[in-house]
Amino acid sequence: MGKNSVNLSQKELDEIADVWESMKDLADSLLQEHKWTNSQMASCLRNLADTYE
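Numbers given for residues are sequential positions, taken from 1 along each chain in its written order. Reporting in this predicted model follows two pLDDT cut-offs: at least 70 for local features of residues, and 80 or more for side-chain atom pairs to be given and counted; totals over whole chains, interfaces and linings ignore these cut-offs and use all residues. Note that the side-chain values use all heavy atoms of the structure and ignore hydrogens as well as water.

Participant: Before we move on, can you summarise the overall build of the chain with the specific residues and values?
Facilitator: Labels follow the DSSP assignment, with helices taken as runs of H or I lasting at least four residues and strands as runs of E lasting at least two, numbered in each case from the N terminus. Within the chain, the regular secondary structure consists of two helices and zero strands. As defined in this context, the radius of gyration uses C-alpha atoms, and a globule is described by 2.2 Å times the residue total to the power 0.38. Relative to a compact globule of 53 residues, whose C-alpha radius of gyration would be 10 Å, the chain shows 15 Å and is clearly more extended. With the principal axes as the frame, the chain shows a C-alpha extent of 40 × 20 × 15 Å. Per-residue accessibility, obtained with a 1.4 Å probe over protein chains only, is compared with the maximum for each type, and a residue is labelled buried under 20%, exposed over 50%, and partly exposed between these values. The burial tally for the chain puts 6% of its 53 residues in the buried class. Only the protein chains shown count as cover for residues, and all accessible areas are computed by the Shrake-Rupley method using a 1.4 Å probe. Carbon and sulfur atoms provide 54% of the accessible area of the chain, an area that totals close to 4900 Å².

Participant: Talk me through the layout of surface pockets; I want residue IDs and the actual numbers.
Facilitator: Taken as a whole, the largest pocket spans an internal volume of roughly 200 Å³. Forming the boundary of the largest pocket are W20, M23, K24, L26, A27, L30, M41, C44, L45 and L48. Where the lining of the largest pocket is concerned, the elements lending two or more residues are α1 (10–32) and α2 (38–51). Here the lining of the largest pocket takes six residues from α1, the largest share from any one element. Residues are grouped as follows: Ala, Val, Leu, Ile, Met, Phe, Trp, Tyr, Cys and Pro are nonpolar; Asp, Glu, Lys and Arg are charged; all remaining types, including Gly, are polar. A breakdown of the residues in the lining of the largest pocket according to their chemical character gives nine nonpolar, no polar and one charged. Using only the protein atoms, space was sampled on a 1 Å grid; points where a 1.4 Å probe fits but cannot get out form cavities, open sets with protein on both sides within 12 Å along at least five of seven lines form pockets, and lining residues are those with an atom within 4 Å of a point. Grid points are joined across faces, edges and corners, and a volume is the space filled by probe spheres set on the points.

Participant: Any details on the pattern of salt bridges? Residues and values, ideally.
Facilitator: Salt bridge criterion: a side-chain nitrogen from Lys or Arg within 4 Å of a carboxyl oxygen from Asp or Glu. If you walk through the whole model with that rule in mind, you get two salt bridges. Residue K24 pairs with E21 through a salt bridge whose shortest N-O separation is 3.1 Å. One end of the pair is K24 and the other is E21, both in helix α1 and three residues apart, which spans about a single turn. With relative accessibility at 37%, the residue K24 sits in the partly exposed group. Judged by relative accessible area, E21 falls into the partly exposed class, the value being 39%.

Participant: If you had to explain a nonpolar patch on the surface to someone new, which residues and values would you point to?
Facilitator: Residues V19, W20, M23, L45, L48 and Y52 make up a contiguous nonpolar surface patch of roughly 650 Å² in combined accessible area. Elements that contribute at least two residues to the nonpolar patch include exactly α1 and α2. With three residues, α1 is the single largest residue contributor to the nonpolar patch. Mapped onto the secondary structure, L48 falls in helix α2. Only residues whose relative accessible area exceeds 30% and that form no salt bridge are eligible for patches; like-charged ones are grouped when within 9 Å, while nonpolar side chains (Val, Leu, Ile, Met, Phe, Trp, Tyr) are grouped when within 5 Å.

Right, here's the structure in full:
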């Protein structure tokens, strides 16, 4: 494994997959139901990344 590798348990991997699915559902909702633009979505994701950096 590389120096930036992390060993995760199956439970942790499953939790990550659940969060990822929730994020995709939110993104779909924002784009389709609330008519966000790609630019708005990108800005939102950058802000989230900065918040949890």
